[in-house]
Structure formats: C-alpha cells, structure tokens
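In case you want the letters, here they are:
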Amino acid sequence: MIVDQDRSTASRAIVRAVGSVDALSVIDSVSTLSEAFAAIRRERAVAVVVLPRGLGSARRAATPPTVEIFYQTAFLSTGALTSALLQATITAELARQAPSQSGLAGVALLRVPLPGWR
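Residues numbered from 1 in each chain as written. Predicted model: local features only at pLDDT ≥ 70, side-chain atom pairs only at ≥ 80, totals over all residues. Heavy atoms only, no water.

A. Structural context of the overall build of the protein. A tally of regular secondary structure across the protein gives three helices and four strands. Counted from the first residue to the last, the protein has its helices and strands arranged as β-α-β-α-β-β-α. Among the 118 residues that make up the protein, the fraction classed as buried is 31%. Contacts in the protein between residues far apart in sequence, at least 24 positions, make up 62% of those at least 6 positions apart. Here the protein has roughly 7700 Å² of accessible surface; of this, 57% comes from carbon and sulfur atoms. (Helix = DSSP H or I, 4+ residues; strand = E, 2+ residues; numbered from the N terminus. Buried < 20%, exposed > 50% of the residue type's maximum accessible area, 1.4 Å probe, protein only. Contact = heavy atoms within 4.5 Å. Areas by Shrake-Rupley, 256 points an atom, 1.4 Å probe, with all protein chains shown as cover.)

B. Looking closely at the nonpolar core. Of all hydrophobic cores here, the largest spans ten residues; its members are I2, I14, V18, L24, A47, V49, L51, L55, L86 and I90. Those elements that provide at least two residues to this core are α1 (9-19), β3 (47-51) and α3 (76-101). Per-element tally for this core: the top contributor is β3, with three residues. Residues V3, A36, A45 and V50 belong to the second largest nonpolar core, which totals nine residues. (Core = buried A, V, L, I, M, F, W, Y, C linked by side-chain atoms within 4.5 Å.)

C. Quick peek at the packing of aromatic side chains. As enumerated under the stated definition, the model contains one aromatic pair in all. Seen in terms of ring centroids, F37 and F70 are 5.3 Å apart; in terms of plane orientation they differ by 90°. Their pairing is edge-to-face. Residue F37 is found in helix α2 (residues 33-41), and its partner F70 is found in strand β4 (residues 68-71); the two are separated by 33 residues along the sequence. On the accessibility criterion, F37 (28% relative accessible area) is partly exposed. The class for F70 is partly exposed, based on a relative accessible area of 30%. (Phe/Tyr/Trp six-rings, centres within 6.5 Å; stacked < 30°, edge-to-face > 60°.)

Below, the structure is given as structure tokens:
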C-alpha cells in the first residue's frame, strides 16, 4: 500500500521500483494514511509506504523529508521481511536518482592509476 503525498517523478519512480520486485506487490495507492491503515486492518496489505511531500525536491531542502514504512506487527516475520525489502528497494531507487537530482550526468568508475602511483 502506497501513500504518495508528493506525486513527483521521484515518487512515481519509487512506486515503479517497489512494483518491480517479485516478492513485493503494490496493492493500491491511496491518498491518506487512514485509508492505508484500514487496508492493513482488513488484512489487504502487510505494509504501508508513505512518500512525503517534498521528496522530489529533497536535494534542495534544508531538512530532507523521510520516507516512512509501517507494517502489521501481528505478522511479525512477514511484516519485518516486507519492511526490509521495501527499505532496500527504496534506498536503491533514491541512490539511483541521486546523480541526476544533483545536476550530474552520472557516476563513473575510472580505472586509472592515481598520480604518483605506478
């Protein structure tokens, strides 16, 4: 379950990244936390990801927003595993976006010796 409060290119990319993981499934995208928590109570979802306002412009913010992940503790192992997968997926997607959001074309690994080294 996704609560996308940002509706930016960055947040949509995160939703796509989460949806592309075989072990995860985006059940729905809702506009409020209460709707998402209701889905958890009805056991339609195991976890909720909240993509906060300002996520797409976080590099320019003095205090960057935090992505929140909530999971159903009644299903401890399933919830914990889902939470870990969500955290890894979202972190990887944010890292993938970082160079372009900072104005860089990308990051390249150059295999050249350092000056003075042979």
